[in-house]
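Report on the structure
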Amino acid sequence: MEKLGQVHEGILMPRTELGDQNHLVIKLDSGYNLGIRLTRDAKVSKVAVGRAPRMGLPPIAFKPDPSKPNVSILGTGGTIASRVDYRTGAVYPAFTAEELYSAAPELAGLANIKTSAVCSVFSENMSPQLWVKIARAVAREINGGARGVVIAHGTDTMGYTAAALSFMLKGIFRPVVLVGSQRSSDRPSSDAALNLLSAVAVAGKSDIAEVCVVMHGSTEDDFCLIHRGTKVRKCHTSRRDTFQTINDLPIGVVRDGEMIPLGDYNKTKESGEVTVDAKFEPRVALVKISPGIQPKIIDSILRSGYKGIILEGTGLGHTPEALFPCIKRAIKSDVPVVMTSQCIWGRVNMNVYSTGRDLLKLGVIPGEDMLPEVAYVKLMWLLPKTSDMDELRKLMLTNIAGEITSRTRSDVFLKTFLGI
Amino acid sequence: MTLDYSALGLRVGFEIHQELGTRKLFCDCPSILREEEAPLKIKRRLRPTQSELGEVDRAALVEAIRGKGFRYQVYPENVCLVELDCEPPHPVNQEALDTALEISLLLGASPVDEVHVMRKTVIDGSNTSGFQRTMLVATGGKLDTTKGPVTIQTICLEEDAARKVGEDADFIDYRLDRLGIPLVEIATGPDFTDPKTPAEAALKVGQLIRATGRAKRGIGTIRQDINVSIRDGARQEIKGVQELSLIPAVIEREVKRQLALLRIKGELRGRGAAHVEGKIVNVGKVFSKTKCKVISNILAKRGTVLAVKLPKFAGLVGKELQPGRRFGTELADYAKAYGKVGGIFHTDELPGYGISAEEVSKMRNMLSATADDAIAIVAAEKGNAEKALDAVIARANQALLGVPEETRRALPDGNTEFMRPLPGAARMYVETDIPPIVVDEKKLERIRKMLPELPEHKVKRYIDEYKLNKELAERMSLSENSELFEELVEKHIVDPTLIATTLEETLVSLKREGAMVENIQRSALDEIFDLIRMGEVAKEAISDILREVAKGFSVPDVVQRLSLRKITEAELAKMVSDVIQENWILVEKRGRGAMQPLMGILMEKVRGRVDGKLVHQLLERELQKFEFRTETS
C-alpha cells in the first residue's frame, strides 16, 4: 500500500463487521494491523500470494484408554477451546475430540472424549426447538453407553437450557453437565480450560445423576462449582464466577478433578434409560413488573395469542393494583399467570400483604422460590400436558427437578463482602 | 574509547517507553502506584498457547517451563474488573490517544488512518489476560542528532504491565496498580553507529514527550530498551535501562561481550572443538566426603550432582566477557533460567568453593575429560539439575556458532544478563472487543492546533521575556519545574531569575545535602515569594527557610524561629555601630582596612536577613563617621 510517500507491506486482512468500507487493513511483519483510508492518492498492489492458513488445530491422535470413562461432549456453538494463528491473527475453534486434546492435553488423563455438534448458535439465539434437539442428543449418548455427557454452551442462556433439560430428561442415571466460558478461550487467561476439565471430571467420575452447570466458583483459578440446573443463574455480565446457585447451596465443589458434595442429589445408577419429554409451548411471556406499568401490556400479550404469563413481581410477589383487571381477564381466558419475584433471592409469599392476597384471589399461581427464568421454562413445558387449569396449577406447584425447595438455608444469599 | 565502532559494524536502535499521567488506557481507573499492603490478593494461572504450526513460541516456552502460579495484588480504588480480566476493556482513553498523536506529529511521523488495537501474547503473568493490548499509532518519523537524522520507525500506544513485587517456590507476586497505565512506545531504526549518540537522542525524545505535559513523573515512568548488534555478532534486546547516563556504558560493554564471545568461537574452532554431545553423568559419589557445603547439603536432601563434559572448552569458561562476568556466568544464567537451580560449578574455577583438586581429578576420570576439556557441574534436585545442564549444553553449542540472539536485562553497572531467547515473530492478533478507531483529518487538525511549545522555543522565550541568562534559560526549559516556574512568575512580582535559581539551584543543592525536598509544597514557595516581594525576608534567606520547610515546618514558623525576618535599616545601622564600638581597637589600628574583618563579623550576625550590599554601604558610612570622629578628637 502506498500513500503520501509512505509504503506499507503486509498480509491483507479480511474486513470484519466492525470496520467501515473506506479502509483497507494489512498485517505488518511486526504483527501490528494497520488501517489505511482508500482515498484517491492511495495505491494498492498485490506483491505475493502467501500460504493459505490451516483451518483448525493440529489433531493429536489418541488411543482410547479402557481404564478411563467415556465422556461425550456435545457442541452447541460456544467455543470451549480454540487456537490462534498469529500469522493472520485468526482464531480457530477446537471442534473435534482430537482438536480438544490438542488444546487441553490434560483431558487425556481424565476420560476418552467423543464429540459431536448439535447446533452452532450464540446462546442468545437458543430456542425451545434447539433445547429439544440437545435433549435428544443427550439421551442418545447416555443410552448409547456414555459415562457422562458434557454440553458446551454459551453462558448467556445456559441457565435456561439447563432448566429445560432438567424437565425434559426422564430417568437420568448419569451426569449431564453444561459448561461454558466467560473469557474467550483464545486468551491464556481464559476460564475455559479449568471449566472444561472440571466438567469432564464431573461427567466422567462423579455420582451426580442430574443436569448441572459447572463453572468457576471464584475469580481465582482454583475451583469450580456444580450448580443444579433448575437453581442456577448468570448473575454478572463478565466475571468468571458469574453463575450462582440461588436460594440453595450448589450441589458440590470440584477442585483438582475431585468432587466435594455440599448437599443432596440424585445418585448415578449402573443402568437405566433416558427418555425425552419433548413438548414445549413457546408462547409464554416473561413480564417484569415496574411502577407505572400499563395494563395494555398484558392485554396485548393476550391479544397476540400467548398461552401463559410469568410475572416477575416486586417484593414478595406484587403488582400495581392497576393490573388486577387485566390479570383477571387472562386467567378467565385460561391463560395461567404465575408469580415470581424480581428480587431473585427469596421466596414468594402472597399471603402477607393485601395486594398479594388479592392477586391470589384472582387466581395467580404463587411460584414459591422458583427463579423467574426457570418458571418460564417450566410453564412452557407444562402447557402442552393439560388444558385443565387446576391440573396445571397443581403441576406448577409440584417440585419436579429441584426447582422448588421447601426450606431456605440462612447462608445462601449473595451480598457484597470484602473478599473475592 | 579505542574501539572502531564503524569497522565493527555497530548498529544500535532504541525503544523508549514513557508512561502517561492520564487515567488508564482501557478503563477509568486513576494511574497511581501504591506502596502499602494490598487488601486483596487473587491467585490465577495462565496457559501457554500454541502457534498455528504447533510450535510454542521460544520465549513463551521458557515462561511456561517455569510453571508458577500468579498472585495478583489488588487495590479496589485503582484496580477494577478490567485489570482483573473480569470485564471487557472500555474504549481507548481519548486523552492518551491524543497525546500519542501529538507526539507523532512532533516527531514528524505519519499517523495511521485507522488504529487497530492488538493482543500481544505475554504469559509471564505480568498481564492478567495473558496478553498486552497495544496499537500502532504512527510510522515514519525523524529525529535530528549531532550525527545526523535517525528514523523513528514506529510510535505505539499500549498498556503497561503489572509490576513484579515478589516470588516464592510456587507463585510470582504482581501488583496490578501499574497494569493498564498508558505507555507511549517510540522505536527508532537501528541507525545509531556509536555508543554516545543514542543517549543524546533518548534525552531529546524524552523532552519532546514531556513537552506535551502529559508524561507521568517519577522513577520508573520512563524505560529504555536498546537493541545492539555488531557485524559478526547478533542482535540483543537489552531491556530496562533506567538512566540515560547508563546507555553509553551498556552499549560499550555489550560490544565488548560480543567481541569476547566471537574470540571464544574462534578459539574453539582453532582447537577443533565440535558439537557438544552432552552426556550427563551422575558424579555424586565423587563428593561423598566433600568439604563443599553446597554439594553436601544437596546430597543430604537426596538431590543429585550431575556433570557434563564440554570438550575443548578448558580456559574458555573462565574467560571474562564483561567486567565481573565470565562465559561461565552466562552458562549459569541459562542453568538458572531453565533449571531453576542456584548456579553451576565449572572446572575453570576449581579447585575452589570447597571442592578439592582430587575431586576434580576423579570427575575428569569419570567423564574421560582431559586437561583441554572443561566440566560443568550442577547440584540440585534431579529433574531441575537435568534441565539446567541441558540448557548449559545448548548454550555451549551456541558458543561454537558465535553469539546467540537474546533478550538481556541491563544491570546497574552497565553489564547485561540473559533473560530469555529473543522472541520469535510477534505473537499478535486482533483485540476484537474494541472496534478500530478512525484518525481523520479533522482530528489531526485539532491536535496540530494544540501542539506544545518545542523546547528550543521555550528557551528563546525565557531569555526574551523573563530575561534569564542563556544557561539558566536552557536548564529551566528542560526542567520538570518549567510549568511551575511560569506559574510562579505570573503570580509573584519577583525577579524571574530569583525564582529560576530557587527552583533549579537552591532546591538541587538542598537535595544534595540530604534534605527531603519532596516535602516542600507549592504553597510554601508562594509564601516565601510573597514575603520577598513585601520586603520582609531577604533573598539570601530562601535556602535556610526551604531547608527547614523540608523538615516539615511551616514558613511563618521558620521565619520567626530563625529570626529571619528582614532587618530594617535602622536596626542594621544600630548593629553596625555596635560592632564598630566592640571592635574599636581594630578600627583605630586599621581604619578603612577594618572593612573586611568587620564585614565578616556583621554578615555572620545578619546572615540571610539583609542584603549584603546594604551592610557594606552602612558599614562604610559608619566607618567614615568614626574616622571623622577620631580625626576630630
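For the structure itself, consult the block above.
On a predicted model such as this, the values are computed, not experimentally measured, just so you know.

What follows covers the overall build of chain B. Secondary structure summary: chain B contains 21 helices and 23 strands in total. For chain B, the C-alpha radius of gyration of 33 Å lies well beyond 26 Å, the compact-globule estimate for 633 residues. Seen through its C-alpha atoms, chain B measures out along the principal axes to roughly 110 × 70 × 55 Å. Looking at chain B as a whole, 55% of its 633 residues are labelled buried. For chain B, contacts bridging at least 24 residues in sequence account for 74% of all contacts bridging at least 6. As displayed, chain B has an accessible area near 28,400 Å², and 51% of this comes from carbon and sulfur atoms.

Our next topic: the overall build of chain A. The helix and strand inventory of chain A stands at 9 helices and 24 strands. Along the three orthogonal principal directions, the C-alpha set of chain A runs to about 80 × 60 × 45 Å. Burial analysis of chain A (420 residues in total) assigns 54% to the buried set. Carbon and sulfur atoms make up 53% of the accessible area of chain A, which totals about 18,800 Å². With 51 positive and 43 negative side-chain charges, chain A shows a spacing of 3 Å between the two charge centroids.

Membership of the largest hydrophobic core comes to 101 residues, with the highest contact counts inside it found for B:Val92, B:Met135, B:Leu157, B:Ile186, B:Leu310 and B:Phe313. With 10 residues, helix H5 (residues 247-270) of chain B is the largest single contributor of residues to this core. Contacts of B:Val92, omitting those with residues within four sequence positions, involve B:Leu25, B:Phe26, B:Leu97, B:Val117, B:Met135, B:Ile434 and B:Ile437. By size, the runner-up hydrophobic cluster in this structure holds 56 residues, among which are A:Ala278, A:Ile344, A:Val374 and A:Tyr376.

Across a sheet, strands are paired by hydrogen bonds formed along the backbone, either parallel or antiparallel in direction. All names here are of chain A. Spatially, S10-S7-S11-S13-S14-S15-S18-S19 is the arrangement adopted by the 8 strands of the open sheet, whose pairing is mixed. At either end of the open sheet lies a strand with only one pairing partner, and these are strand S10 (112-117) and strand S19 (258-261). Pairs of neighbouring strands in the sheet enclose a mean axial angle of 25°, with direction left out of account. Pairing of strand S18 (residues 252-255) with S19 involves 4 bridges; the strand directions are antiparallel. Each bridged residue has a counterpart across the sheet, and for Val254 the counterpart in S19 is Met259. Most of the contacts of helix H2 (residues 128-143) go to strand S7 (residues 70-75), to which it runs at about 165°, and overall it touches S7, S10, strand S11 (148-152) and strand S13 (176-179). In this fold helix H4 (residues 192-205) packs onto S7, S10, S11, S13, strand S14 (211-216), strand S15 (224-228), S18 and S19, with an angle of close to 145° to the strand it touches most, S14.

This next bit is on the sheet that holds strand S4 (residues 23-27) of chain A. Here 5 strands make up an open sheet; going across it, the order is S3(A)-S4(A)-S5(A)-S5(B)-S23(B) and the pairing antiparallel. The strands lining the two open edges of the sheet, one partner per strand, are strand S3 (11-12) of chain A together with strand S23 (437-438) of chain B. Strand direction decides the pairing type here: S4(A) and strand S5 (residues 33-37) of chain A, joined by 5 bridges, are antiparallel. Counterpart to A:Ile26 in the pairing with S5(A) is A:Leu34.

Moving on, we come to helix H14 (residues 496-513) of chain B. Since the α-helix turns once every 3.6 residues, residues separated by three or four places project in the same direction. Residues and elements named next belong to chain B. Here H14 spans 25 Å end to end across 18 residues, near enough to the 26 Å set by a 1.5 Å rise per residue. Of all the bends in H14, the greatest measures close to 40° and is centred on Thr502. Every buried residue of H14 is listed here: Pro496, Leu498, Ile499, Ala500, Thr502, Leu503, Glu504, Thr506, Leu507 and Leu510. Looking at the buried side of H14, the elements it contacts are helix H11 (455-466), helix H12 (470-478), helix H13 (482-491), helix H15 (522-533) and helix H16 (542-550). Directly beyond the C-terminal end of H14, a positive phi value near 110° is found at Gly514.

Our next topic: the pairing of strand S21 (residues 284-288) of chain A. It is a general feature of regular strands that their side chains alternate between the two faces of the sheet. With 5 bridges connecting them, S21(A) and strand S22 (residues 308-313) of chain A associate as parallel partners. Looking at S22(A), one finds that A:Ala285 is bridged to A:Ile309.

It is worth spelling out the packing of H13(B) against H14(B) at this point. Residues and elements named next belong to chain B. Contact pair H13 / H14: the axes reach a minimum separation of 10 Å and the direction vectors enclose 145°. At the point where H13 passes H14, the crossing takes the right-handed sense. Residues Leu484, Phe485, Leu488 and Val489 of H13 lie in contact with H14, whose contacting residues are Pro496, Ile499, Ala500 and Leu503. In the contact of H13 with H14, the residues fall into 8 nonpolar, no polar and no charged.

What follows deals with helix H7 (residues 327-339) of chain B. Residues and elements named next belong to chain B. Its 13 residues give H7 an end-to-end C-alpha distance of 18 Å, which sits within 8% of 18 Å, the value for a rise of 1.5 Å per residue. Counted residue by residue, H7 has 11 buried out of 13 residues, so it is predominantly covered. Residues of H7 that are buried include every one of Phe327, Gly328, Glu330, Leu331, Ala332, Asp333, Tyr334, Ala335, Ala337, Tyr338 and Gly339, and no others. The first or second residue beyond H7 is Lys340, which carries a positive phi of 55°.

Each aromatic ring pair is specified by the distance between its two centres and by the angle formed by the two planes. Evaluated as defined, the whole model comprises 16 aromatic pairs over all chains. Ring centres of A:Trp345 and A:Phe413 lie 5.6 Å apart, and the angle between their planes is 80°; on these two criteria the pair is classed as edge-to-face. Of this pair, A:Trp345 sits in the loop between strand S23 (337-341) and helix H7 (354-362) while A:Phe413 sits in the segment after helix H9 (389-396), placing them 68 residues apart in sequence. Centroid distance B:Tyr462 to B:Tyr466: 5.6 Å. Interplanar angle 45°. Geometry classified as tilted. You can see B:Tyr462 and its partner B:Tyr466 sitting in helix H11, 4 residues apart, about one turn around the helix. Take B:Tyr462 and B:Tyr466: they sit in the same class, and that class is buried. In this structure, B:Arg133 packs its charged tip against the face of B:Phe26, placed 5.5 Å from the ring centre. Of note, B:Arg561 hangs over the ring of B:Phe553, and the distance from its end group to the ring centre comes to 4.5 Å.

Let's shift gears to the side chain of B:Thr145. Within the secondary structure, B:Thr145 is located in strand S7 (residues 131-145). If sequence neighbours within four positions are ignored, B:Thr145 has contacts with B:Val150, B:Phe192, B:Thr197, B:Glu200 and B:Ala201.

Tallying the contact residues gives 54 residues for chain B and 51 residues for chain A. Taken over both partners, the interface formed by chain B and chain A buries close to 4,100 Å², and the fraction arising from carbon and sulfur atoms is 49%. The residue A:Asp186 makes a salt bridge to B:Arg119 at a minimum N-O spacing of 2.9 Å. Top element by residues in the side of chain B that touches chain A is S7(B). It accounts for 7 residues. Per-class residue counts for the side of chain B that touches chain A are 23 nonpolar, 14 polar and 17 charged. Pairing of S5(A) with strand S5 (residues 114-115) of chain B, which is carried by 2 bridges, proceeds in the antiparallel orientation. Note that in S5(B) the partner of A:Gly35 across the bridge is B:Glu114.

Analysis parameters
- Residues numbered from 1 in each chain as written.
- Chains lettered and ligands numbered in written order.
- Predicted model: local features only at pLDDT ≥ 70, side-chain atom pairs only at ≥ 80, totals over all residues.
- Heavy atoms only, no water.
- Helix = DSSP H or I, 4+ residues; strand = E, 2+ residues; numbered from the N terminus.
- Rg over C-alpha atoms; globule rule 2.2 N^0.38 Å.
- Buried < 20%, exposed > 50% of the residue type's maximum accessible area, 1.4 Å probe, protein only.
- Contact = heavy atoms within 4.5 Å.
- Areas by Shrake-Rupley, 256 points an atom, 1.4 Å probe, with all protein chains shown as cover.
- Lys, Arg positive; Asp, Glu negative; His and termini not counted.
- Charge placed at Lys NZ, Arg CZ, Asp CG, Glu CD.
- Core = buried A, V, L, I, M, F, W, Y, C linked by side-chain atoms within 4.5 Å.
- Pairing = 2+ DSSP bridges.
- Axes fitted to C-alpha atoms, helices over the stretch in contact; angles between N-to-C directions.
- Expected span 1.5 Å × (residues − 1).
- Bend = angle between axes of the 7 residues up to and from the residue.
- Left-handed = near helix turned anticlockwise from the far one by under 90°.
- Nonpolar A, V, L, I, M, F, W, Y, C, P; charged D, E, K, R; others polar.
- Phe/Tyr/Trp six-rings, centres within 6.5 Å; stacked < 30°, edge-to-face > 60°.
- Lys NZ or Arg CZ within 6 Å of the ring centre and 35° of its normal.
- Buried area = accessible area lost by both parts, 1.4 Å probe.
- Salt bridge = Lys/Arg side-chain N within 4 Å of Asp/Glu carboxyl O.

Note that all results are geometric; they support no functional claim without further evidence.
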